[in-house]
Amino acid sequence: MNTEHKQAYELAKNQYESLGINVEEALESIKNIKISIHCWQGDDVEGFLFNQDLTGGISVTGNYPGKARNGEELRNDLEEALKHIPGNHKINLHAIYAETNESIDLNEIEPKHFHNWVEWAKKNNLGLDFNPTCFSHEKSEEGFTLAHPNKDIRDFWIEHCKRSRKIGEYFGRELGQPSITNIWIPDGFKDTPVDRLEPRRRLMNSLDEIFKEEIDEKYNIDTLESKLFGIGSESYVVGSHEFYMGYGLSRNKRILLDAGHFHPTEVVSNKLSALSLFTNGLSLHVSRPVRWDSDHVVILDDELNDIAKELIYNNLIKDTTVGLDFFDASINRVAAWVIGTRNMQKALLKAMLDPIAQLKEAEKNRDFTQRLAIQEEVKTYLFGPIWNEFCIRNNVEPGLDWYDAIKDYEKNILEERGI
């Protein structure tokens, strides 16, 4: 560390420690939090199994050069991003990222089709999470999958999800850490349905069939992700928050909250403490909605900070898995990973540096004046040098020092792809 960085860090550390905050403890704690980084930012959610347009309310805009065209390129891009992200993390895959020379469908995927990913994860000390891909397929064109009225179509997706859980179990066994296997489906109606109940009954029965086989949570943890609406399902979504909350609590399955899947006046940060009282763990997809579930790159905004505060203030982080979900083809895709992941880490570290004990004591004593005074004062404290220290200790560039390396990678690698 150069003298300038060292002096700035010591000044910032002293500032926080004047409020009784253990900065060194925070730097150790943040190092151990794994972020699940989504692979689909690197290729615009296309995958390698099919050549088909995106459906299910998913849309990626932009044509920035350098989109990954195969597994090797995608893994190389992820490696480049990981060079600039402190800590050891996980990579989140969708089923469409299977690699095989065979002609297979989604109801035929097996662990062997993800062998390359597992060997790569071992080499890079990474965990892997998984998602069945219940969209962008001929059997999802009507906007229904697990809740489809046609039993043959439901059975196709049920088998796909069963196999996805086995792949998650394979990841967990091979990598020595549990894989989060998350189910999200696009099922819903564009216009108001007459019967809201029966599709949800079909979804419930489909899920019961999918989860019939018990899998040790040492290897695989099942999660269920709700949504308020999507393109083509503006009026009714079968897998609503209320449905999955009821299903998860009654079936002992983990509920996954996506920050972009709720009404604009709702925030995920306000749901975490409530759900934590009734569940044995939570999962997050952190995104940034702009007027709808548009999956913008995560920035260090108020809601991201509030999510982090909820996780840290009440120690919910120990039972919560944090994943990212955004995709933007209008900017450098590798830089998007770096910016978004580092922002998630910054928010968590910032929360760890808050005088939590003092704030809670003031609130307990109904001294809301002191609570507000402390909250506002800490906003001006020197956080940047603490973040830079964290980066340096983990052999990652502080500040914007990573950006030149990404531009070199773009010039030498991404632009050569010609797309």
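Within every chain, residues take consecutive numbers counted from 1 along the sequence as written. Per-residue local features are limited, in this predicted model, to residues with pLDDT of at least 70; the limit for side-chain atom pairs, both in listing and counting, is 80 or more; totals at the level of whole chains, interfaces and linings are taken over all residues. In computing side-chain properties, one takes all heavy atoms of the structure into account and sets aside hydrogens as well as water.

As recorded by an unreviewed UniProt entry, the protein carries the name L-rhamnose isomerase and is attributed to Staphylococcus gallinarum. UniProt positions are given in the numbering used here, feature names are shortened, and annotations may be inferred rather than shown by experiment. The UniProt entry for the protein carries this comment under Pathway (unreviewed entry): "Carbohydrate degradation; L-rhamnose degradation; glycerone phosphate from L-rhamnose: step 1/3." Regarding the protein, the relevant UniProt record gives this comment under Subcellular location (unreviewed entry): "Cytoplasm".

Caption draft 1: A look at the overall build of the protein. Strands here mean DSSP runs of E at least two residues long; helices mean DSSP runs of H or I at least four residues long; both are numbered from the N terminus. Helix and strand counts for the protein stand at 14 helices and 10 strands. The atom set for the radius of gyration is the C-alpha atoms, and the globule formula is 2.2 Å times the number of residues raised to the power 0.38. Against the globule reference of 22 Å for 419 residues, the protein gives a C-alpha radius of gyration of 22 Å, in line with a compact fold. Along the first, second and third principal axes, the C-alpha set of the protein runs to 65 × 55 × 40 Å. Two residues form a contact once any of their heavy atoms are found within 4.5 Å. Taking the contacts inside the protein whose residues are at least 6 apart along the sequence as the reference set, 80% of them involve residues at least 24 apart.

Caption draft 2: The arrangement of the pairing of strand β6 (residues 220-225) in detail. For β6, the tally of buried residues reaches six of six residues, placing the bulk of the element in the interior. Bridge count for β6 against strand β8 (residues 254-258) is three bridges, and the pairing is parallel. Residue Glu225 lies in a different strand from β8, and its bridge partner there is Leu256. Type-normalised accessible area, obtained with a 1.4 Å probe on protein chains alone, sets the label of each residue: buried when under 20%, exposed when over 50%, and partly exposed for intermediate values. Strands were regarded as paired on the criterion that DSSP finds at least two bridges between them.

Caption draft 3: Inspection of the pattern of salt bridges at higher detail. Just to be clear on terms, a salt bridge is a Lys or Arg side-chain nitrogen sitting within 4 Å of an Asp or Glu carboxyl oxygen. Within this structure, the stated rule accounts for 34 salt bridges. Note that Lys13 is salt-bridged to Glu24, the shortest N-O span being 3.6 Å. Residue Lys13 is found in helix α1 (residues 3-17), and its partner Glu24 is found in helix α2 (residues 23-31); the two are separated by 11 residues along the sequence. Residue class for Lys13 comes out buried when judged on its relative accessible area of 16%. Classification of Glu24 by relative accessible area gives partly exposed; the value is 28%. It is possible to trace a salt-bridge network through shared partners that takes in Lys13, Glu24, Glu389 and Arg393.

Caption draft 4: Quick peek at the pairing of strand β9 (residues 282-286). When you tally the buried positions in β9, you get five out of five residues, the bulk of the element. Because side chains alternate across β9, one face comprises the buried residues Leu282, Leu284 and Val286, and the other comprises Ser283 and His285, equally buried. In this sheet, β9 lies alongside β8 in parallel orientation, the contact comprising four bridges. When the bridges of β9 are listed, Leu257 appears paired with Leu284. Crossover handedness for the path β9 to helix α9 (residues 302-313) to strand β10 (residues 320-324): right-handed. For crossovers, right-handed means that the path from the first strand over the helix to the second runs clockwise, given strands pointing away from the viewer.

Caption draft 5: Focus on the state of the cysteines. Disulfides are defined as cysteine sulfur pairs within 2.5 Å. Going through the model one piece at a time under the given rule, you end up with zero disulfides. Here Cys39 stays unpaired: no disulfide links it, and the sulfur of Cys134, its closest cysteine neighbor, is 15 Å away. Looking at the unpaired Cys161, the closest cysteine sulfur is the one in Cys134, lying at 4.2 Å.

Caption draft 6: Expanded view of the environment of Asn343. Relative to the helices and strands, Asn343 is located in helix α10 (residues 333-352). By relative accessible area, which is 9% here, Asn343 ends up buried. With 309 residues separating them in the primary sequence, Asn343 and Lys34 have C-alpha atoms 13 Å apart. Not counting chain neighbours up to four residues away, the residues in contact with Asn343 comprise Val298, Ile299, Leu300 and Leu304. A 3.5 Å cut-off defines polar contacts: any pair of N or O atoms within that distance qualifies, except that in protein one atom must be a possible hydrogen donor and the other a possible acceptor, and neighbouring residues in sequence count only when both atoms are side-chain atoms. Polar side-chain contacts of Asn343 include one of 3.0 Å to the backbone oxygen of Val298.

Caption draft 7: A look at the side chain of Glu80. Position of Glu80 among the secondary structure elements: in helix α3 (residues 71-82). At a separation of 3.2 Å, a polar atom in the side chain of Glu80 contacts the side chain of Lys83. Beyond its immediate chain neighbours, meaning those up to four positions away, Glu80 contacts Val334, Ala405, Ile406 and Tyr409.

Caption draft 8: Fine view of unusual backbone geometry. For Ser136, which is not glycine, the phi dihedral falls at a positive 55°. Position of Ser136 among the secondary structure elements: in the loop between β3 (127-131) and α5 (151-175). Judged by relative accessible area, Ser136 falls into the buried class, the value being 10%. Positive phi is not limited to glycine here, since Arg366 has a value of about 60°. Arg366 sits in the exposed class, given a relative accessible area of 61%.

Caption draft 9: Layout of the side chain of Asp354. Mapped onto the elements, Asp354 comes out in the loop between α10 and α11 (356-364). A residue counts as positive if it is Lys or Arg and as negative if it is Asp or Glu; His and the chain ends are not included. Look at Asp354: it is buried, it has no salt bridge, and the nearest opposite charge is Lys309 at 4.4 Å. At 2.5 Å, the side chain of Asp354 forms a polar contact with the side chain of Tyr313. With sequence-adjacent residues up to four places away left out, Asp354 is seen in contact with Ile21, Lys309, Tyr313 and Val378.

Caption draft 10: How the structure looks around the UniProt feature "binding site: Mn(2+)" (unreviewed entry) in the protein. The UniProt entry lists His261, Asp293 and Asp295 under the feature "binding site: Mn(2+)" (unreviewed entry), expressed in the numbering used here. Considering the C-alpha atoms alone, the annotated residues occupy 35 residues of sequence yet fold into one spot, their largest mutual distance being 9.7 Å. Among the secondary structure elements, His261 is positioned in the loop between β8 and α8 (272-276). Residue contacts for His261: discarding those within four places in its chain leaves Trp184, Glu225, Ser226, Lys227, Leu228 and Asp293. Of note is the side chain of His261, whose polar atom sits 3.4 Å from the side chain of Glu225. Within the secondary structure, Asp293 is located in the loop between β9 and α9.

Caption draft 11: Layout of the nonpolar core. The set of buried Ala, Val, Leu, Ile, Met, Phe, Trp, Tyr and Cys residues whose side-chain atoms join them within 4.5 Å is what this entry labels a nonpolar core. Counting 64 residues, the largest nonpolar core has Leu146 and Leu207 as the members making the most contacts within it. Looking at this core, the element that brings in the most residues is α5, giving nine residues. Ignoring sequence-local partners within four residues, the contact set of Leu146 consists of Arg154, Trp157, Ile158, Cys161, Ile183, Ile185, Asp187, Arg202, Leu203, Ser206, Leu207 and Ile210. Leu282, Leu316, Leu348 and Met352 belong to the second-largest nonpolar core, a separate cluster that totals 51 residues.

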